[in-house]
Amino acid sequence: MKRLHVHVGVADLDKSIGFYSTLFGAEPTVTKADYAKWMLEDPRVNFAISSGNHAANGIEHLGIQAESGEELAEVYGRLKTADRPVLEEGATTCCYAKSEKSWIADPDGVVWEAFHTNGEATVYGDSPALSALSDNAAANACCAPAMPAPAVKACC
């Protein structure tokens with residue numbers, strides 16, 4: 001069963017951990033000096049926050065987390081039919097995890113990732129900025145490599 005992923009940039013990690021722990025009724029499953037993650041079952045979501053150089057305040061990106069390679073292949077298939085450029089990043093390290101992932105931006109520039117996590121990492125990750133996908137993303141945010149901009153269609 002797939003899980004929704006939401007990644008939010010925050011100004012004060014400790015204050016935000018307190019807020020989201022209260023909101024979710026649960027402590028984070030991962031806590032680092034610049035990052036925290038809740039793997040919730042109700043609602044079924046991978047909710048992450050980060051501070052510092054990793055994210056600007058607000059929603060950085062959304063995603064679909066697959067629990068198997070087969071589920072990831074299913075999601076990848078849907079991305080490829082979405083009429084938007086898809087970047088298959090492949091094996092990468094991001095957010096203290098080792099994952100296989102691809103990226104896409106919706107027509108309004110909201111960045112989405114599809115991924116399957118297959119291990120932990122001791123570093124946050126050093127991939128190029130999400131701003132390569134969308135003008136809506138912060139220039140210093142982690143995780144997505146450069147992606148070609150979609151062709152702009154003429155209006156009217």
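Residues numbered from 1 in each chain as written. Predicted model: local features only at pLDDT ≥ 70, side-chain atom pairs only at ≥ 80, totals over all residues. Heavy atoms only, no water.

### Concerning the nonpolar core
Core analysis: the largest hydrophobic core is formed by 13 residues, its most contacted members being Val-6, Val-8, Ile-17, Tyr-20, Trp-38, Phe-47 and Ile-49. Elements with a contribution of two residues or more to this core: strand 1 (3-9), helix 1 (13-24), strand 3 (35-41) and strand 4 (44-50). (Core = buried A, V, L, I, M, F, W, Y, C linked by side-chain atoms within 4.5 Å. Buried < 20%, exposed > 50% of the residue type's maximum accessible area, 1.4 Å probe, protein only. Helix = DSSP H or I, 4+ residues; strand = E, 2+ residues; numbered from the N terminus.)

### Overview of the pattern of salt bridges
Using the criterion set out here, one finds six salt bridges in the structure. Note that Glu-41 is salt-bridged to Arg-3, the shortest N-O span being 2.8 Å. Separated by 38 residues along the polypeptide, Glu-41 in strand 3 and Arg-3 in strand 1 bring together distant segments of the chain. A residue is classified by how much of its surface remains accessible, and Glu-41, at 55% relative accessible area, is exposed. A salt bridge links Lys-101 to Glu-113; its shortest N-O distance comes to 2.8 Å. Separated by twelve residues along the polypeptide, Lys-101 in strand 7 (residues 97-105) and Glu-113 in strand 8 (residues 111-120) bring together distant segments of the chain. Neither Lys-101 nor Glu-113 differs from the other in exposure class; each is buried. One salt-bridge network, in which partners are shared between bridges, spans Arg-3, Glu-41, Arg-44 and Glu-67. (Salt bridge = Lys/Arg side-chain N within 4 Å of Asp/Glu carboxyl O.)

### So, the confidence of the model for the protein
Residues with a pLDDT of 70 or more make up 71% of the protein, whose mean pLDDT is 77. The secondary-structure element of the protein with the lowest mean pLDDT is strand 6 (residues 87-94), recorded at 73, while strand 2 (residues 30-32) shows the highest, at 95. Confidence drops under pLDDT 50 across residues 144-148; counting only partners more than four residues distant or on other chains, this segment forms 23 contacts. (pLDDT = per-residue confidence, 0-100. Contact = heavy atoms within 4.5 Å.)

### As for the packing of aromatic side chains
This structure, assessed with the given rule, holds seven aromatic pairs. Ring geometry for Tyr-20 and Phe-24: centres 5.8 Å apart, planes at 25 degrees, overall stacked. Of this pair, Tyr-20 and Phe-24 both sit in helix 1, separated by four residues, roughly a single helical turn. The buried category is assigned to Tyr-20, whose relative accessible area is 16%. Judged by its relative accessible area of 22%, Phe-24 falls in the partly exposed class. The structure contains a cluster of three or more aromatic residues connected by ring pairs, namely Phe-19, Tyr-20, Phe-24, Trp-38 and Phe-47. A cation over an aromatic ring shows up here: Lys-101 above the ring of Phe-115, its NZ or CZ 5.6 Å from the ring centre. (Phe/Tyr/Trp six-rings, centres within 6.5 Å; stacked < 30°, edge-to-face > 60°. Lys NZ or Arg CZ within 6 Å of the ring centre and 35° of its normal.)

### What about helix 2 (residues 69-80)?
Taking 1.5 Å of rise per residue, the twelve residues of helix 2 would be expected to cover 16 Å, and the 16 Å separating its terminal C-alpha atoms lies within 8% of that figure. If you check which residues of helix 2 are buried, you get Glu-71, Leu-72, Val-75, Tyr-76 and Leu-79. Buried residues in helix 2, looked at end-on, bunch into an arc of 140 degrees, giving them a common side. Away from the buried face of helix 2 by more than 90 degrees, exposed residues Glu-70 and Lys-80 are located. (Expected span 1.5 Å × (residues − 1). Arc of directions from axis to C-beta.)

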